[in-house]
Amino acid sequence: MKLGRLFVVAGLALAAAPPALAQSIAEAGVAVGVMVYGPQGNEVGPVEKIDGEVVVINTGSNSAALSGNSFVKGSKGPVIGYTKSQLDAAIESANQAAKAKLDAALVAGAALRSADGVAIGTIKELDADGTIVIEGTTQTFALPRDTFTADDTGPMLRITAQQLADALAKSAAPAEPG
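Residues numbered from 1 in each chain as written. Predicted model: local features only at pLDDT ≥ 70, side-chain atom pairs only at ≥ 80, totals over all residues. Heavy atoms only, no water.

(A) Molecular detail of the nonpolar core. One finds I120, I134, F141, L143, F148, L157 and L164 to be the most contacted residues of the largest nonpolar core, which totals 17 residues. Among the elements of the structure, α3 (84-105), β9 (119-126), β10 (131-136), β11 (140-144), β12 (148-151) and α4 (161-172) are those that each provide at least two residues to this core. The greatest single-element share of this core, amounting to three residues, is contributed by α4. Contact partners of F148, with chain neighbours within four places excluded, come to L102, L106, L112, I132, I134, L143, M156, L157 and R158. If you look at the next biggest cluster of nonpolar residues, it comprises 16 residues, including F71, I80, Y82 and L87. (Core = buried A, V, L, I, M, F, W, Y, C linked by side-chain atoms within 4.5 Å. Buried < 20%, exposed > 50% of the residue type's maximum accessible area, 1.4 Å probe, protein only. Helix = DSSP H or I, 4+ residues; strand = E, 2+ residues; numbered from the N terminus. Contact = heavy atoms within 4.5 Å.)

Set out below in structure tokens:
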């Protein structure tokens, strides 16, 4: 999956439907495979996945995860407050902002943590091929750029500390004779 292909756009969830009209997923007619429509009745894209109160819509260009209360029941099916082009533009803008934040955060010497907040080490160097070398607490290792994200406190991995430990242990294990 390319970085940016799926981006949870929290701001979109708040603006997608007027709060007074917000309904539950079931009341709005949201289900996997159902077409979602924009405010003028034009197709936005089908529902790809539902995970609790998060609904993923695929516009054909992007996938967006929206809060379940972003949908209202329309005459054709579920409706959100964005047209397909508006939703795509919002996703692309959010992805560009996230990329810029990551670019600014991925610098040598920056402290790195896992998705679950565990200190992992520091960024040692950024290779030209996009590989990031990390001076970990127990070893030095490298990961591809798409393994990282950033928030207001700096760079972090998209995986938990346990997932990283498991991956490092697996990569260090000797190959089994075949």
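(B) Spotlight on the pattern of salt bridges. Per the counting criterion, the structure on display carries five salt bridges. The residue D103 makes a salt bridge to K99 at a minimum N-O spacing of 3.0 Å. Within this pair, D103 and its partner K99 are both found in helix α3, separated by four residues, close to a single helical turn. Given the relative accessible area of 35%, D103 is considered partly exposed. Across the pair D151 and R113 runs a salt bridge, and its minimum N-O distance is 2.4 Å. On the criterion of sequence distance, the pair formed by D151 in strand β12 and R113 in strand β8 (residues 111-113) is long-range, its members being 38 residues apart. (Salt bridge = Lys/Arg side-chain N within 4 Å of Asp/Glu carboxyl O.)

(C) Summary view of α3. Helix length check: α3, at 22 residues, gives a terminal C-alpha distance of 31 Å against a target of 32 Å (1.5 Å per residue), a fit within 8%. Within α3, burial applies to L87, D88, A90, I91, A94, N95, L102 and A105. Projection of α3 onto a plane perpendicular to its axis shows the buried side chains occupying an angular sector of 160 degrees, all on one side. Residues of α3 that are exposed and point over 90 degrees away from its buried face: S85, Q96 and A104. (Expected span 1.5 Å × (residues − 1). Arc of directions from axis to C-beta.)

(D) Inspection of the layout of surface pockets at higher detail. Taken as a whole, the second largest pocket spans an internal volume of roughly 160 Å³. V118, A119, I120, G136, T137, T138, Q139, F141, A161, L164, A165 and L168 together form the lining of the second largest pocket. Broken down by secondary-structure element, the contributors of at least two residues to the lining of the second largest pocket are β9 and α4. Among the elements that line the lining of the second largest pocket, the one with the most residues is α4, at four residues. Here the residues of the lining of the second largest pocket are counted per class, giving eight nonpolar, four polar and no charged. (1 Å grid on protein atoms, 1.4 Å probe; cavity = no way out; pocket = protein on both sides within 12 Å on 5 of 7 lines; lining within 4 Å. Points joined across faces, edges and corners; volume = space filled by probe spheres on them. Nonpolar A, V, L, I, M, F, W, Y, C, P; charged D, E, K, R; others polar.)

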